[in-house]
Amino acid sequence: MMTVNEVSKRTGVSIRTLQYYDKIGLLRAAGRTEAGYRLYDDAALERLQQILLFRELEFPLKDIQKIVENPAFDRQKALEQQITLLTLKKQHLEDLIGLAQKIRSTGGMVMDFTAFDTRKIKKYTEQAKKEWGETPEYKEFEEKTAHKTEKEVKDMSSQLMDIVAAFGGMQSKDPADSEVQAQVKKLQEFITEHYYNCSKVILNQLGQMYGAGGAFTENINAAGGAGAAEFAQKAIEIYCK
C-alpha cells in the first residue's frame, strides 16, 4: 500500500487531483491510515494508469468514469485502441513538425494543409468511445441501477464477488464437474438479473478478464484464495462451449 503522497511522487499526479478523483468516485482509495490519510494498492494504481492514458487522449473525466465503470469494459481491447489512437496522434505531430521544417527551409509559406487534418483521429476516437461507453450492456446496467442507492450498488457488487470467489473452494473438482458448472450458471443468471443480459459470449469475455492478471485476478484471488480467478476462467470456458 502506498500513501497519497507516495503515489503523487511516483506518478506525477498532484495530491489535490488524487483527492478530487477519490471525491467524485473515479479513483477510490483502497483504505486509510489511522491518521485518515488515503492509501492506494496495486489495483488502484492500475486504474490510475488507465485514467491517465485516457487523459492523454484528452477524454473528459465524466467520459473516463463512464468507460472504466462499464461492466463490459474490456481492459485489453481498450489498451489496443489507446495504442492505435496514440500512434495516430504521434503521426499527426510528426506531420506538423515536418511541415514546420519545410516552411523554415523554404523561407516562406508552403501551400500544404494536409498536416492539419485530424478527421481520421476524430473518427477513430468517436468509434472507440461508442464501443467503450455506449454498449447496450452498459445502457441496461444504467437502467437497472438508476434508482438504487450507492449502498445497494455496493452490496450488489459484493454479492457478485462472493459468487465468483466461491470458485476458489471448488478447485479440488474438475472445472467440468456439474457443481462447478452450476456455479457458472448462477454467476450468469446473477449478472443478467442485476446488471445486463449476460450472453455466453459476454460471460466468456468476463472469464478471460478474471484470469488475465491485474486488478480483476488479484481481487478475486484475494477473496477466494490463490487460483480462484484462473479456475473460474476455466470453468466459464467449458460452460460457454
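This report concerns the structure included in the present document. (Residues numbered from 1 in each chain as written. Predicted model: local features only at pLDDT ≥ 70, side-chain atom pairs only at ≥ 80, totals over all residues. Heavy atoms only, no water.)

This part covers a nonpolar patch on the surface. A contiguous nonpolar surface patch, about 540 Å² in accessible area, is contributed by M109, M111, F113 and F116. Considering the arrangement of structural elements, one finds F113 in the loop between α5 (75-106) and α6 (119-133). On the basis of relative accessible area, F113 is assigned to the exposed category, the value being 53%. (Patch = residues over 30% accessible without salt bridge, like charges linked within 9 Å, V, L, I, M, F, W, Y side chains within 5 Å. Areas by Shrake-Rupley, 256 points an atom, 1.4 Å probe, with all protein chains shown as cover. Salt bridge = Lys/Arg side-chain N within 4 Å of Asp/Glu carboxyl O. Helix = DSSP H or I, 4+ residues; strand = E, 2+ residues; numbered from the N terminus. Buried < 20%, exposed > 50% of the residue type's maximum accessible area, 1.4 Å probe, protein only.)

Pairing in this open sheet of three strands is antiparallel, and the strands run β1-β3-β2 from one edge to the other. At either end of the open sheet lies a strand with only one pairing partner, and these are β1 (2-3) and β2 (31-32). Sheet topology note: the β1/strand β3 (residues 38-40) ladder contains two bridges and is antiparallel. If you follow M2 over to β3, its bridge partner there is Y40. (Pairing = 2+ DSSP bridges.)

The subject of this paragraph is the packing of helix α3 (residues 42-56) against helix α4 (residues 61-68). Running from amino to carboxyl end, α3 crosses α4 at an angle of 135°, the nearest separation of the two axes being 10 Å. In terms of their interaxial angle, α3 and α4 are classed as oblique. Note that α3 runs across α4; the crossing there is right-handed. Of α4, the residues touching α3 (which contributes R47, I51, F54 and R55) are L61, I64, I67 and V68. (Axes fitted to C-alpha atoms, helices over the stretch in contact; angles between N-to-C directions. Parallel < 35°, antiparallel > 145°, perpendicular 65-115°, else oblique. Left-handed = near helix turned anticlockwise from the far one by under 90°. Contact = heavy atoms within 4.5 Å.)

Let us look at the side chain of R38. Take R38: it is sitting in strand β3. Here the side chain of R38 touches D22 through a polar contact of 2.6 Å, side chain to side chain. (Polar contact = N/O pair within 3.5 Å; in protein donor to acceptor, adjacent residues only side chain to side chain.)

As enumerated under the stated definition, the model contains seven salt bridges in all. The residue D22 makes a salt bridge to R28 at a minimum N-O spacing of 3.7 Å. A salt bridge links K151 to D155; the nearest nitrogen and oxygen atoms lie 2.9 Å apart. Taken as a pair, K151 and D155 lie in helix α8 (residues 150-165) at a separation of four residues, close to a single helical turn. Classification of K151 by relative accessible area gives exposed; the value is 57%. Using a relative accessible area of 33% as the deciding quantity, one classes D155 as partly exposed. What you see here is one network of salt bridges that share partners, running through D22, R28, R32 and R38.

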